[in-house]
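Below are the chains, spelled out letter by letter.
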Amino acid sequence: MKHLAVLGMTVMLTFAATPPAWARGGEQFGSIGKAVKKANQLRELQMTDEEEQKLGAEVSNVIRERYGVVQDPAVHRYVTLVGAVLAVGTGRPNLPWTFIVLDTDGVNAFAAPGGYVHITKGALALVQNEAELAGVLGHEITHVTEKHTIRAVQKKGAIKMGAEESLSGNAALFNQVVGEVVSNITNQAFSAGEENESDEKGVGLAGKVGYSPQALADFLTRLKDRNKESQEKRGLFPSHPEMQSRIDKIGQQASAMKPAGSATLAERYRKFITFEPVPQAEIAMVEAGSAGLAGGSGDKPDEKKQEPKKEEPKKRGFGLGKLVSPGGGDKQSTQASASGGSRGLDPERDGKGGPNPKPVPVKVDMADINAFKKEGGLT
Ligand SMILES: [Zn+2]
């Protein structure tokens, strides 16, 4: 791996240059095209590695637009180094691995296909040391390397493509897939089996370089405690029995690992990460349009309503705003109903995001990764 860079302008420019293809997208189903399309066998969604990365880049755009990005190069460099240490040990070291810290207080992480791993500052605040961060990133990295999201979209079967069709050759199809993937990862629609696989392989990646393999269980225990009032699925928290079973499994794996790493590196973590956790009840929620959702738990809702909406504009007609309030779209509500009606509202997912979606580019090479490992006493 030559570099790990936050993909920024290159990808966006590629998309900006695509419009001719968009325009063609409608034409190919013209009168003759329609018949041809009917004759074509529909098949399961397929994509090349290159298309997977393009898809991930666009999904990441949507997520960054929604939540904003913490504009702190030191934080990004640190998280990237921890992620890179793990990513080079996977079967897909050459993906454009990109680690993005989202500017929102909800505890969450989203792994987009192609190597784009997003973690919220709320999650970083709940994490207490570098080994826990490695556990969480290892888990997310595994969702990418094992293509869990792509497989989920394929399994759902809602998106089919023609035998002759390619994902990059059909803008409408591409957008549909982006929407599906965004929905899938923000709703954490992974099976228990996939979560277990991500735990196991993630802990393996972290343990292999010397991090304490127990650390992910420590984090999940804290997450479970944060959700003790809730039986619902929230953010990364699935449900009590599932969570307990995951914690138990990690514990078993950790005690079976030989030699088990023991590095936690709490001090180094605190040197870079100083976010404070925000309790779920105090997370400021997004404006929710006509859905009439209450603004958090009365945490200065009036102030929030007057803020200019910066995070709303969506380029392609999909985005997390839609997921939060299906009927609301981009309409900004001036009314927050006190009665709440907080059906399906998840403070870990639906919290307000920061104003700046700009990526914070980080480049690290193998020398940086090795120096970082050495400094932390990792192997
Ligand atoms: Zn997961």
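Anyway, here's the lowdown on the structure attached to this text. Here the structure is a predicted model, which means the values were calculated and not measured. (Residues numbered from 1 in each chain as written. Predicted model: local features only at pLDDT ≥ 70, side-chain atom pairs only at ≥ 80, totals over all residues. Heavy atoms only, no water.)

## Quick look at unusual backbone geometry
Operational definition: Each helix is a run of DSSP H or I of at least 4 residues and each strand a run of E of at least 2, with the numbering of both proceeding from the N terminus.
Cis rather than trans, the peptide bond between Lys258 and Pro259 has omega equal to -10°. Mapped onto the elements, Pro259 comes out in the loop between helix 12 (240-256) and helix 13 (266-272). One non-glycine residue, Gln188, adopts positive backbone phi at about 45°. Non-glycine residue Leu265 carries a positive phi angle of around 55°. Tracing the sequence through the fold places Leu265 in the loop between helix 12 and helix 13.

## Section: the sheet that holds strand 4 (residues 109-112)
Basically, it comes down to this: Should DSSP find at least two bridges between two strands, the strands are taken to pair. Angles here are taken between N-to-C directions and fall from 0 to 180 degrees, while the axes themselves are lines fitted to C-alpha atoms, restricted in helices to the stretch in contact.
One open sheet holds the three strands; their spatial order is 3-5-4, and the pairing between them is mixed. At either end of the open sheet lies a strand with only one pairing partner, and these are strand 3 (98-102) and strand 4. On average, each strand axis in the sheet is tilted by 15° relative to the strand beside it, whichever way the strands run. Bridge count for strand 4 against strand 5 (residues 116-120) is four bridges, and the pairing is antiparallel. Looking at the pairing, Ala111 lines up with Val117 of strand 5.

## Details of helix 12
Note the threshold: Here the expected span of a helix is defined as 1.5 Å times the quantity of residues minus one. Only protein chains enter the accessibility calculation, which uses a 1.4 Å probe; a residue is then buried when its area is under 20% of its type maximum, exposed when over 50%, and partly exposed in between. Think of it as the arc spanned by the lines of direction from the helix axis to the C-beta atoms. The contact criterion used throughout is that any non-hydrogen atoms of two residues lie within 4.5 Å.
Helix length check: helix 12 (17 residues) gives 24 Å between terminal C-alpha atoms against 24 Å at 1.5 Å per residue, within 8%. Within helix 12, the full set of buried residues consists of His240, Met243, Arg246, Ile247, Ile250 and Ala254. Along the axis of helix 12, the buried positions cluster into a sector of 130°, meaning they face one direction only. Exposed residues on helix 12 whose side chains face more than 90 degrees from its buried face are Pro241, Gln252, Ser255 and Ala256. Each element contacted by the buried residues of helix 12 is listed here: helix 7 (130-145), helix 10 (192-208) and helix 11 (215-226).

Note that all results are geometric; they support no functional claim without further evidence.
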